[in-house]
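What follows is the residue order along each chain.
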Amino acid sequence: MTLDILYFAWLRERVGEPREVVETNVETVADLVAELVAKDERYALAFADMSSLRVAIDQELTDFTASLKGAREVAFFPPMTGG
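My aim in this report is to walk through the structure given alongside it, one point at a time. Nothing here was measured: the structure is a model prediction, and the numbers come from that model. (Residues numbered from 1 in each chain as written. Predicted model: local features only at pLDDT ≥ 70, side-chain atom pairs only at ≥ 80, totals over all residues. Heavy atoms only, no water.)

Let's shift gears to the packing of aromatic side chains. Per the stated rule, a full pass over the model turns up 4 aromatic pairs. With 4.9 Å between their ring centres and 80 degrees between their planes, F47 and F76 make a pair best called edge-to-face. Highlighted residues: F47 in the loop between α3 (41-46) and β3 (54-57) and F76 in strand β5 (residues 73-77), separated in sequence by 29 residues. Grouping residues by exposure puts F47 and F76 together as buried. For the pair F64 and F76, a centre-to-centre distance of 6.3 Å together with 20 degrees between the ring planes defines the contact as stacked. Of this pair, F64 sits in the loop between β4 (60-62) and β5 while F76 sits in strand β5, and the two are 12 residues apart along the sequence. The same class applies to F64 as to F76, namely buried. Counting every residue linked through ring pairs, the aromatic cluster contains Y7, Y43, F47, F64 and F76. (Phe/Tyr/Trp six-rings, centres within 6.5 Å; stacked < 30°, edge-to-face > 60°. Helix = DSSP H or I, 4+ residues; strand = E, 2+ residues; numbered from the N terminus. Buried < 20%, exposed > 50% of the residue type's maximum accessible area, 1.4 Å probe, protein only.)

In structure tokens, the structure reads:
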């Protein structure tokens, strides 16, 4: 499957780009993260503390165990606060 991956805030800085298109066969968000981390050290840095990250699939907030079946977009971002 082809996924549009979006990175926000400090994740974008660590990965070095705001978005990328990835061709993958993984089943879950966690599997996608593992694949990215294995690909390059900059992803290992970006995803080093998973507890400080949030994820959305096709603009719906979810968790890292979520299935990617039928997904088109995955967005990674830090927790948001009001203000």
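One finds Y7, V29, L32, F47, L68 and F76 to be the most contacted residues of the largest nonpolar core, which totals 23 residues. Considering every element that reaches this core, the biggest residue donor is helix α2 (residues 29-39), with 4 residues. Sequence-distant contacts of F47, defined by excluding residues within four places in its chain, comprise Y7, V33, L36, V37, L53 and F76. (Core = buried A, V, L, I, M, F, W, Y, C linked by side-chain atoms within 4.5 Å. Contact = heavy atoms within 4.5 Å.)

This next bit is on the pairing of β5. Along any regular strand, the residues point their side chains to alternate faces of the sheet. Judged by how many residues are buried, β5 sits mostly within the fold: 5 of 5 residues are covered. Every second residue of β5 is oriented toward a common face, with E73, A75 and F77 on one face and V74 and F76 on the other, all of them buried. Looking at chain direction, β3 and β5 are connected through 4 bridges and run antiparallel. Each residue of the ladder has a partner; that of A56, found in β5, is A75. (Pairing = 2+ DSSP bridges.)

Along the chain, E73 falls in strand β5. Excluding its chain neighbours within four sequence positions, the residues that come into contact with E73 are L3, D4, L6, A56, I57, D58 and Q59.

Moving on: the pairing of strand β1 (residues 2-7). A large share of β1 lies buried, amounting to 5 of its 6 residues. As defined by bridge partners, β1 adjoins strand β2 (residues 19-23) across 5 bridges and the pair is classed as antiparallel. Opposite D4, over in β2, you have V21 as the bridge partner. As defined by bridge partners, β1 adjoins β5 across 4 bridges and the pair is classed as parallel. By the bridge assignment, Y7 is partnered in β5 with F76.

Spatial relationships are all this shows, so hold off on functional conclusions.
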